[in-house]
Amino acid sequence: GSNFVVVRLAPSIDAIGRFCLRCREGGSAMWRRRHQDLRRCLASTCPLLLPAGPGASAAGSAGAATSLLKASASYHRADASCTAALVAGLGLAAAAGAAYRLRCPGEPAPIEADKAVAMSNWSGTHTATASRVYSPETQSELEELVRWADRTGQKIRPIGTGLSPNGLALESRGMLSMVQLDGVVKVDTQRQTITVRAGTRVSVILEELQKHGLTLENFSSITEQQIGGWTQTSAHGTGARIPTVDEMITELTLVTPGRGTLKLSATGPDAELFRWARVGMGTLGVVSEVTLKCIPKFMLHERTYCTTEADLRSNHTRLLQTYRHVRYMWVPYTDTIVVVVSDVAAPGASAKAGMPEAERLKPLQGLLRELDPKCGSLEGDNFAQLRGKMLVLDPLNAAHVARVNKAEAEFWRRSEGERIGDSTAILGFECGGSQWVLENCFPCGTIDKPSLADIDYVAEIKGIIEREGIAAASPIEQRWTSRSTSPMSPAYSPRAEDIFSWVGVIMYITDEARAPAIKDKFRDYAMRHADLTFKYGGAFHWAKVDLDFHRGRGRMEDLRFHLRKRFDVSGFLELRKSLDPHNIFGNRLTDEALKA
């Protein structure tokens, strides 16, 4: 009564001809035809499985076994009522007698899918047309969908709001939208926790916590991410004493094909698995619910000022140790570094006001009118819009971009001042328009003794930009976190005192016509950033690592080598194999970057 075929891989072999195929048509002619078809499939799909000659043994692996089974499916119509195939004589690394299920197109999905859906990330830098997108509305629908996908081999790569600059969630063969699995489950004011479904946006969580006098310890500049993807990629805010956002999770529910639905927590019997599952890039299972620890809401007193590299080196350690939040914006082709620091506002504190916005914008408006006398009225244009209008005039000309950057530096000098407000208002900031971005993460000492590797790094990448004439718009953004205990977090460390710097470089996509050329130029820029990341012992933000930046002779293997140095990739892959044995959650990015 089953509608899939099970193939068992026996532990020993000497020849491919030891297939026994029983089919209801019967007869030796049918057997010979199917055997010949199978051998042709194997020769083209996974030739390493075929013995090289008489007496030779086949070589293979669990991955090669999967290729064999997919080849088998192409000639063997998965007609469970008439046939079963026993493969004997394949000396594979797969466990003896391990069962593999073949896809059966006859079993319908438990929920309806949208077909041929055009998908894109937020910046439009990565797109895919998903053959199917499933949108379960309940926990039970999600669990049933995962079981069905495992039986049939249907890809269901989880996706949230698609904010990842690298298109981490995109998969053309099938995706699982979390948009319906949202909402606050409960707020526990005594324990200071909030439990939400994984499709809930960070902004919704912050709004709900405000009602209870609570907030999140930290968050990114953008708050429209769904909490599942936000934590699965180990996103971050800034503050050398504040960890990445995955550390806020105290409990989570993980729906897996290999072990069913798991309730995991920091203090439960599977505490080690819990730490792995917090940052799994959506490949270990579908996170359907999380409980986050919160803190009482608070007001921040923020100060913005400009400095130089020499002065910053003298004050950097003090800034990291003194302020709750620290952020630098380095402006290429200038000596300006914008420092933004904030701490909990003292009772009765007042903020020193800065210049009115009209005065702050004058350098940008003046340069734009000089570059484009026909630009028209600039009334109502903010800083990011003015910058965009200037960059679009000649975005790949380094001299032009340098002039824009110098006007921006003057804007920031005029923007020096202070403000006091709720943390949710202070920590968000303008990220500019559509852009290419690559952000890394690397160790920079301890909170008691910063190594200044963070300052050295940006000084070095800025020097490369200016020597090579890279059309790098402002800013080079730099932030910090303390360590994470999630093994796949870019900020993972077993030492509690370690701190990490996160450095992001960007190139704005100013217009559609020049988008391909901008992509090519940014690839060169990103390659410099990537090479320097490895020099400093770093890794990349999982939502920003991009295979396109590692093209060329030896570059992909170099990426894998350094990821294996930074993470326990073997341990992670073993876990993936046990939780998602048929890889229904992976995609090219996760599978290639984390290849064994």
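Rules behind the numbers
- Residues numbered from 1 in each chain as written.
- Predicted model: local features only at pLDDT ≥ 70, side-chain atom pairs only at ≥ 80, totals over all residues.
- Heavy atoms only, no water.
- Buried < 20%, exposed > 50% of the residue type's maximum accessible area, 1.4 Å probe, protein only.
- Helix = DSSP H or I, 4+ residues; strand = E, 2+ residues; numbered from the N terminus.
- Pairing = 2+ DSSP bridges.
- Salt bridge = Lys/Arg side-chain N within 4 Å of Asp/Glu carboxyl O.
- Arc of directions from axis to C-beta.
- Axes fitted to C-alpha atoms, helices over the stretch in contact; angles between N-to-C directions.
- Contact = heavy atoms within 4.5 Å.
- Phe/Tyr/Trp six-rings, centres within 6.5 Å; stacked < 30°, edge-to-face > 60°.
- Lys NZ or Arg CZ within 6 Å of the ring centre and 35° of its normal.

**Student:** Just to check I follow, could you spell out the pairing of strand 21 (residues 476-482) for this structure?
**Tutor:** Consecutive side chains of a regular strand alternate in pointing toward one face of the sheet and then the other. In terms of burial, strand 21 is a largely internal element, seven of the seven residues being buried. Two elements, strand 17 (residues 325-330) and strand 21, share three bridges in a ladder whose sense is antiparallel. Across the sheet, residue Y328 finds its bridge partner in strand 21, namely Q478. Relative to strand 22 (residues 498-508), strand 21 runs antiparallel, the two being bridged by six bridges. Paired with T481 across the two strands is F500, which belongs to strand 22.

**Student:** Honestly, the pattern of salt bridges in this entry has me stumped. Any pointers?
**Tutor:** Proximity of charged atoms lets side chains of opposite charge pair with each other. For the structure shown, the criterion picks out 35 salt bridges. Through salt bridges that share partners, R327, E439, E477, R479 and K544 make up one connected network.

**Student:** Explain helix 10 (residues 383-391) to me, please; I cannot follow it from the model alone.
**Tutor:** What sets the pattern is the α-helix's 3.6 residues per turn: residues three or four places apart point alike. Within helix 10, the full set of buried residues consists of F383, A384, L386, R387, M390 and L391. Buried residues in helix 10, looked at end-on, bunch into an arc of 165 degrees, giving them a common side.

**Student:** Is there a simple way to explain the sheet that holds strand 10 (residues 193-197) in this structure?
**Tutor:** Each strand in a sheet pairs with its neighbour through backbone hydrogen bonds, running either in the same direction (parallel) or in the opposite one (antiparallel). The strand order across the open sheet formed by five strands is 9-10-14-12-13, and the pairing between neighbours is antiparallel. One side of each edge strand has no neighbouring strand; the edge strands of this open sheet are strand 9 (184-188) and strand 13 (260-265). With strand direction ignored, the average angle separating the axes of adjacent strands in the sheet is 10 degrees. The pairing of strand 12 (residues 249-256) with strand 13 spans six bridges and is classified as antiparallel. Within the sheet, the bridge partner assigned to L252 lies in strand 13 and is L264. The sheet contacts of helix 4 (residues 202-210) involve strand 9, strand 10 and strand 14 (286-293), and relative to strand 10 the element is tilted by about 140 degrees.

**Student:** Just to check I follow, could you spell out the packing of aromatic side chains for this structure?
**Tutor:** Summed over the entire model, instances satisfying the criterion amount to 15 aromatic pairs. A centroid spacing of 4.5 Å and a plane angle of 0 degrees characterise the contact between F383 and F411, whose relative ring orientation is stacked. Of this pair, F383 sits in helix 10 while F411 sits in helix 11 (residues 398-414); the two residues are 28 residues apart in sequence, bridging distant segments of the chain. The buried category is assigned to F411, whose relative accessible area is 3%. Geometrically, the ring pair formed by W436 and F522 is stacked, given 6.4 Å between the ring centres and 20 degrees between the ring planes. Here W436, found in strand 20 (residues 435-446), pairs with F522, found in helix 14 (residues 515-535); they are 86 residues apart in sequence, far enough to count as distant. Each member of the pair, W436 as well as F522, carries the same accessibility label: buried. Clustering of aromatic rings is evident, with ring pairs tying together W436, F522, Y525 and F549. The aromatic ring of Y305 is capped on one face by R303, whose charged end is 4.2 Å from the ring centroid. The ring of F567 carries R566 above its face, with NZ or CZ at 5.7 Å from the centroid.

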